[in-house]
Amino acid sequence: MRTSRKAATLITVAALGIAVAGCSGSGGRSAEEKPAGGSSGAGAAATTPRMKIAMVTHSGEGDTFWDIVQSGAKQAAAKDNVEFLYSANKEGKEQAQLVQAAIDQKVDGIVVTLAKPEAVKDVVAKAVKAGIPVVTINSGAQFSKEIGALGHIGQDERVAGEAVGEELNARGRKKAVCVIHEQGNVSLEERCAGVRKTFGGKVENLNVEGTNMPASTSSIEAKLQADKDIDAIVTLGAPFAAASVKAKEGSGSTAEVDTFDLNAEVVKRLKAHEVGFAVDQQPYLQGYLAVDELWLNRTNGNVVGGGKPVLTGPAIVTADDVPQLEKYTARGTR
């Protein structure tokens, strides 16, 4: 597993955050070996006053990435004596309404994504003005500070894209298609822009209907049939790697499938050499640290990363890393 140099320091900070937070539980090897997601995974809950934290994301239906984020958040919530509430909508207007609902419930903290910042930033700023601390995760890091969030946890999407471009160069690729599964998502656009910046070949973006996997597969297959020069397919979410493998087979293309994000299916396909490499941004860590930061801020006045973005990636993962990752992806934490 190769980590981007720009991300390495802050990933270490993030890991230390978990290590410190873990002191309130059972800690040690036994805690690491138990599955995440329940109170039994980290010993007794904290004795600090009960908190209510809402997480509102831009997840579309069926996106397994957010299951992993929730696993981390639920583990931290179990440890921190937190009632965890989750809601999501891929449409910016509806996501903003969910943030407003969290404000109306008088939660003690909000975790939110800023994939469509123009739609949600006003209501998030409203939460901050009302005295509800906010942590942003995953997307929209550049907007986090202006809305008054404590900080942002995720990967620098442009840096991640640049890492992919460099990896494609190392693999001798000449033409890539970058598959965008959610139009208007600023983070996905940044990923493709990053690939384009460092890749020595040509990059074309392809917009697909991310919530309709058969349609997405058909769109990718049609693109591959129309352009035989494409020798790399870059998908921006783990579920679309499998769709691209199917599209590749249907089109007769020899292009390599590479992807952002991990799940058990991607690790399986890495092992089978059906996927060349994946970019891991550690979604479990994003969920865990976000909840833990809000708890630490309330109970001890801490701000993880001193208010600066805390990077959880990117790291390039290949078939060589599969033995280390299989047990974690199988339990839904990587």
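Note: the structure precedes this text.
In this report, the structure presented in the accompanying data block is examined.

So, how was this worked out
- Residues numbered from 1 in each chain as written.
- Predicted model: local features only at pLDDT ≥ 70, side-chain atom pairs only at ≥ 80, totals over all residues.
- Heavy atoms only, no water.
- Salt bridge = Lys/Arg side-chain N within 4 Å of Asp/Glu carboxyl O.
- Helix = DSSP H or I, 4+ residues; strand = E, 2+ residues; numbered from the N terminus.
- Axes fitted to C-alpha atoms, helices over the stretch in contact; angles between N-to-C directions.
- Parallel < 35°, antiparallel > 145°, perpendicular 65-115°, else oblique.
- Contact = heavy atoms within 4.5 Å.
- Nonpolar A, V, L, I, M, F, W, Y, C, P; charged D, E, K, R; others polar.
- Pairing = 2+ DSSP bridges.
- Left-handed = near helix turned anticlockwise from the far one by under 90°.

### With respect to the pattern of salt bridges
Okay, step 1: Applying the stated criterion across every chain, the model contains 21 salt bridges.
Okay, step 2: Of the charged contacts, one joins aspartate 80 and lysine 79 as a salt bridge, the two residues approaching to 2.3 Å between their closest N and O atoms.
Okay, step 3: Notably, a salt bridge pairs glutamate 204 with lysine 223, separated by 2.6 Å at the nearest N-O pair. With glutamate 204 in strand β8 (residues 202-207) and lysine 223 in helix α9 (residues 213-226), this residue pair connects regions lying 19 residues apart in the sequence.
Okay, step 4: Shared partners join several salt bridges into a network, and the residues in it are Lys175, Lys202, Glu204, Lys223 and Asp227.

### A short note on the packing of helix α4 (residues 92-104) against helix α5 (residues 117-129)
Okay, step 1: Viewed as axis vectors pointing N to C, α4 and α5 meet at an angle of 10°, and their least axial separation amounts to 8 Å. Judged by the angle between their axes, α4 and α5 are roughly parallel. Contacts between α4 and α5 involve Gly92, Lys93, Gln95, Ala96, Val99, Gln100 and Ile103 from the former and Ala119, Val120, Val123, Val124, Lys126 and Ala127 from the latter.
Okay, step 2: Per-class residue counts for the contact of α4 with α5 are eight nonpolar, three polar and two charged.

### Description of the sheet that holds strand β4 (residues 109-112)
Okay, step 1: Strand order in the open sheet formed by six strands is β3-β2-β4-β5-β6-β12, with parallel pairing between adjacent strands. With partners counted over all chains shown, the strands left at the sheet margins are β3 (82-88) and β12 (310-311), one partner each.
Okay, step 2: Pairing geometry for β4 and strand β5 (residues 134-137), over three bridges, is parallel. Paired with valine 112 across the strands is threonine 136, a residue of β5.

### Some words on the packing of helix α11 (residues 264-271) against helix α13 (residues 322-330)
Two quantities define a packed helix pair, namely the angle between the helix axes and the distance between the axes.
Okay, step 1: Here α11 crosses α13 at 155°, and the two axes come no closer than 9 Å. The orientation of α11 relative to α13 falls into the category roughly antiparallel. The hand of the α11/α13 crossing is left-handed. Side by side, α11 and α13 meet where Ala264, Val267, Leu270 and Lys271 of the first sit next to Val322, Glu326 and Thr329 of the second.
Okay, step 2: Partitioning the contact of α11 with α13 into residue classes produces four nonpolar, one polar and two charged.

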